[in-house]
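Structural description and commentary
In case you want the letters, here they are:
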Amino acid sequence: MSANPGLHRFHGGLHLPDHKQESLTRPLEHAGIPDQIILRVNQHIGEENEPQVKVGQRVLKRQVLARSSEFVSAPVHAPTSGIIRAIEKRPVAHASRMSADCFVIEPDGIEEGLEPPSPIGSAHRIDKKDAILRRIREFGIVGLGGAAFPTAAKIETADRYNIKTLIINGAECEPYITCDDILMRSDPLKVLRGIASLQLILQPRETLIGIEDNKQAAIAAMQDALDKLGLDNTRIVVIPTLYPSGGEKQLIRILTGIEVRSGQLSFEVGVFCQNVGTCAAIARAIEENEPLTSRIVTVTGPGVRNPSNWTAKLGTPVSWLIEKAGGYSVDEPMLVMGGPMMGLELESDQIPVVKATNTILVLDKRDQPTVRECVRCGQCTEACPAQLLPQQLYWYSRSRQFDHAEQYHLFDCIECGCCAAVCPSHLPLVQYYRFAKGEIWEQRRKTWKSDQSRRRHEFREARIQKQKALEEERRRQKREELARKKAAESGDQSDTKPPAANQDLVKAALERVKARKKSADEAPRNTTDLTPEQQRQIDEADQRRRQMNKDKQ
Amino acid sequence: MILSSPFVNPSAATSRMMLNVLLALVPGTIAYVWYFGMGLIVNLVFAIAFALLFEAIILWLRKRPLKPYLSDYSAVVTAWLFALCIPMHSPWWLVATGIGFAMLAGKHLYGGLGFNPFNPAMVGYVVLLISFPKEMTTWFQPIPISQDSLGLIDAFAYSLGMLDSAAWDSLTSATPLDLHKTGLSMNLMSSEIRQSPMFGDFGGIGWEWIANWWFIGGLFLLYKRAIRWHIPVAMTAGLLVPATMAYVINPDSVASPAFHLFSGGFLLGAFFIATDPVTASTTHRGRLIYGFFIGFMIFVIRSWGGYPDGVAFAVLLANMCVPLIDYYTQPRVFGVKPPEER
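The structure displayed is predicted, hence computed values, not measured ones.

Rules behind the numbers
- Residues numbered from 1 in each chain as written.
- Chains lettered and ligands numbered in written order.
- Predicted model: local features only at pLDDT ≥ 70, side-chain atom pairs only at ≥ 80, totals over all residues.
- Helix = DSSP H or I, 4+ residues; strand = E, 2+ residues; numbered from the N terminus.
- Buried ≥ 20, exposed ≤ 12 C-beta atoms within 10 Å, placed from the backbone.
- Contact = placed C-beta atoms within 7 Å.
- Domains from an automatic or database assignment.
- Pairing = 2+ DSSP bridges.
- pLDDT = per-residue confidence, 0-100.
- Axes fitted to C-alpha atoms, helices over the stretch in contact; angles between N-to-C directions.
- Parallel < 35°, antiparallel > 145°, perpendicular 65-115°, else oblique.
- Left-handed = near helix turned anticlockwise from the far one by under 90°.
- Nonpolar A, V, L, I, M, F, W, Y, C, P; charged D, E, K, R; others polar.

1. Some remarks on the overall build of chain B
When its secondary structure is counted, chain B shows 17 helices and two strands. A principal-axis box enclosing the C-alpha atoms of chain B has dimensions of 65 × 50 × 35 Å. When the 342 residues of chain B are sorted by exposure, 50% land in the buried category. Of all intrachain contacts in chain B linking residues separated by at least 6 positions in sequence, the fraction that spans at least 24 positions is 76%.

Right, dumping it as structure tokens:
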């Protein structure tokens, strides 16, 4: 099958040696239960999880170990039964070699599981939709393409928009990675049933499954399954192999021609993207009542003896998978979690698999090429899929002129690594961009904090002013009432109402002005009893605070 | 050290790019020696030796490691281009002065390779052109005309001042561009000037063939993707458009477009000098503007300026404009509307 005509192009990109065949010669197998499971408490992008279990406690498979009540979150479940030996900081995959909270579980090997919940069976679409969404949320499903964004939060946000096109990302454009390829080959029906669930929720007009043309077996298997299952308005679109066609904005561009604007969500143009692995995880959650406790991991690269794909329990240490794949074949292996273009270097093989781990790439620790100065050759510009000027970004990042870097659209950089891969001076360009982004975020956090303090102060001042004015008004009304009473008592001879009313209005206005002037000098009063009015003000303040928090995000 | 992705083997290297440039210069250089003799070899040897020497000294003074900088071949490329620009049989001290200025003021005062706004070879050349006008206009006639040339050893001796230069002075003459310019100023018609045996089919005898070989070397660079088409094409357009217009209006009092194209350093400049990535514009649209500007300025300088050729001045003038050109020709970023649509 060749690439479909009528596809759109994105700028730049690279034809890279794909190195996919190596890990596709062996069938997909289960990696089994490792001796120790190191399960990260937080495996998603978003709010932090709270551990729900204690050290020493026995946990069952599928039991929730950590969760958060926030919208953008995904719980973590026990991948097998065993005893929690510790909840402590362990090294994890992170660009700055960070440690993070992990459950250390000693598996008992019997895989005793919690009673699965009853399957979703309601025929009514609305009920079923809610049940599916709840299931996706409770079963800890996140985007398995690498970003690990909580899927339920993504779908619920998208559901507020009119989604016309559902795009299923099976491009898998980065070299070496084959976990999506092998998934589509070995279980295409599960992918499609997951897609059916998404269709049920989002009701898109059409569904496009984008697969790069270097995955002919996967394309054939998916087409077969699609013919069997017969999903409405669903097409497999074969796209040319060109890195990074699997980037969300790039894939949307290729398939629909729509260019998602900078800072815009794809939902706003009626497109929802989801990775094939996530679709399969959704199907597993719904049909097999399995929370996300395992995923397919490609173990590959020139530094491992038998490149292969494994269904690995989350928390499996990298060393276990390397062992399964025949061990290292080089003396000085360099471990990367993810593909060669965007992956993270791992400091040791004791780092565990998380929901976002698609690949363990083992490279040979080689001599680093000599880094020279930028000669402004412009090859990075030609390769950049975001149409940026990478060398300008490099100059400004390097010289810490971050405002200029932002003017040159630093934040439209998707860190795909094309620029650095073609750089004849071998500059680690992406590293500079990550550094600049980090610095800018830090700066923003600081500005936001000081802004918040200032706004708080200003509002406090305003509130005090308002309080004083109200007090004054109340006193004035009381005085007037007293005066009126006195007047009534002293005898009501004159009955010239209209002019008096006018005069009263003028007087009242003057009083108010005076009161406002005067109130500035008076001290504020503490209010002990909360009137409904005060309660309302407090509520308003709370709401403002929430709004500010939202702004921050 | 934390390594950051991508972890792919680099597909290109600066030193490789520079080597490709040197390789592309070889055919033209051979043609040059064929038509003008061994003087160029002497120039090349002195220029490259002094360039490496000066670069090493400056790197030592700047406390930089020698090996990575000397092994990027950028100094060799600069020296080679410089040697091609100056008259052959130049005295050794002229070569040393020019290339010394190129390396010091043209390159390292700005921070070395990648930081220099001006093309170092052109800086060195222009300094000599202004400071030593007599030496810089003493050109030997091409061998087909003089029927005589110095051997390699004699050429070295000549450069070192150990040969009686008076015996060879009869072999020197002005360049075809110079002859043409002087002829026009004496109210001769272009067709009359071209009766001189110095002129061939398009440019000067010998010169036009060397230019051809620069063109072929340039095609090699394009094929190797060491340069892009924008600058040579725009530069040619910048020269030919006004030259053709002038020629159509008054063919007798101006040089023909073909003569412009095949004379002096135009094709060498278009493919090897203006395309120096460090000092050229980096955006596609910017390169078109930059190239056209150089071509146009060469026409202006040749037609009305004080110098017969204008490649070096035109390139340096365009180098000056690069930051401005780059700023106003930024490509549209993916997902960002151009300003006028906003």
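2. A look at the domain arrangement of chain A
Here the domain parsing of chain A yields domain 1 (21-31 + 123-313) and domain 2 (374-479). Just the C-alpha atoms count here: the centres of domain 1 of chain A and domain 2 of chain A sit 32 Å apart.

3. Notes on the domain arrangement of chain B
The extent of an interface is frequently quoted as the accessible surface area lost upon association of the parts. All names here are of chain B. Partitioning chain B into structural domains gives domain 1 (13-173) and domain 2 (175-327). When each unit is reduced to the centre of its C-alpha atoms, the spacing between domain 1 and domain 2 is 21 Å. Counting residues at the interface gives 29 residues for domain 1 and 28 residues for domain 2. Of all the secondary-structure elements, those providing two or more residues to the side of domain 1 that touches domain 2 are α1 (14-36), α4 (74-85), α6 (120-131) and α8 (143-146).

4. Examining the sheet that holds strand β5 (residues 64-67) of chain A
Residues and elements named next belong to chain A. On the basis of which strands lie adjacent, the open sheet formed by three strands has the order β3-β5-β6 and antiparallel pairing. For this open sheet the edge positions go to β3 (50-51) and β6 (76-77), each flanked by a neighbour on one side alone. Here two bridges tie β5 to β6, and the two strands are oriented antiparallel to one another. Across the sheet, residue V64 finds its bridge partner in β6, namely H77.

5. What to know about the confidence of the model for chain B
Averaged over every residue, the pLDDT of chain B is 87; the share at 70 or more is 97%. Model confidence for the complex: the whole-complex pTM is 0.81, and ipTM, which rates the interface, is 0.84.

6. Observations concerning the interface of chain B and chain A
Between chain B and chain A, the contact holds 30 residues from the first and 44 residues from the second. Broken down by element, the side of chain B that touches chain A gets its largest block of residues, three residues, from α1 of chain B.

7. Things to note about the pairing of strand β14 (residues 308-313) of chain A
Residue and element names in this part refer to chain A. In terms of residue burial, β14 counts as a mostly covered element, since five of its six residues are buried. Relative to β14, strand β13 (residues 294-300) runs antiparallel, the two being bridged by six bridges. Looking at β14, one finds that V297 is bridged to W310.

8. A few points about the sheet that holds β14 of chain A
Strand order in this open sheet of six strands is β1-β14-β13-β17-β15-β16 (chain A), and the pairing throughout is mixed. What marks the edges here is a single partner per strand, and that holds for β1 (29-30) and β16 (344-346) of chain A.

9. Some points on the packing of helix α2 (residues 39-61) of chain B against helix α9 (residues 152-159) of chain B
All names here are of chain B. It is at 8 Å that the axes of α2 and α9 come closest, and there the two elements cross at 60°. On the basis of the axis angle, α2 is oblique to α9. The handedness of the crossing between α2 and α9 is right-handed. Of α9, the residues touching α2 (which contributes G39, I41, V42 and F46) are L152, A155, F156 and S159. Residue classes in the contact of α2 with α9 are distributed as six nonpolar, two polar and no charged.

10. Quick word on the environment of A255 of chain B
In this fold, A255 of chain B is placed in the loop between α13 (230-249) and α14 (257-262). Every residue in contact with A255 of chain B, bar those within four places of it in the chain, is listed here: H180, S190 and H260 of chain B.

11. Considerations on the pairing of strand β7 (residues 82-91) of chain A
All names here are of chain A. The sheet contact formed by strand β4 (residues 58-59) and β7 spans two bridges and is antiparallel. What sits directly across from R58, in β7, is I83. Examined bridge by bridge, β7 and strand β8 (residues 99-107) share nine bridges and lie antiparallel to one another. Pairing of I83 across the sheet is with E106, part of β8.

12. Notes on unusual backbone geometry
Cis peptide bonds are those with omega within 30 degrees of zero, and the linkage from Y243 of chain A to P244 of chain A qualifies with -5°. Counting through the fold element by element, P244 of chain A comes out in the loop between β11 (234-239) and α7 (248-256). The backbone of H409 of chain A shows a phi angle near 65°, a positive value even though the residue is not glycine. Residue placement: H409 of chain A occurs in the loop between α12 (402-407) and α13 (418-422). You can call H409 of chain A buried: it has 20 C-beta atoms within 10 Å. Look at H89 of chain B: it is not a glycine, yet its phi comes out positive at around 60°. Looking at the element boundaries, H89 of chain B is found in the loop between α4 and α5 (92-107).

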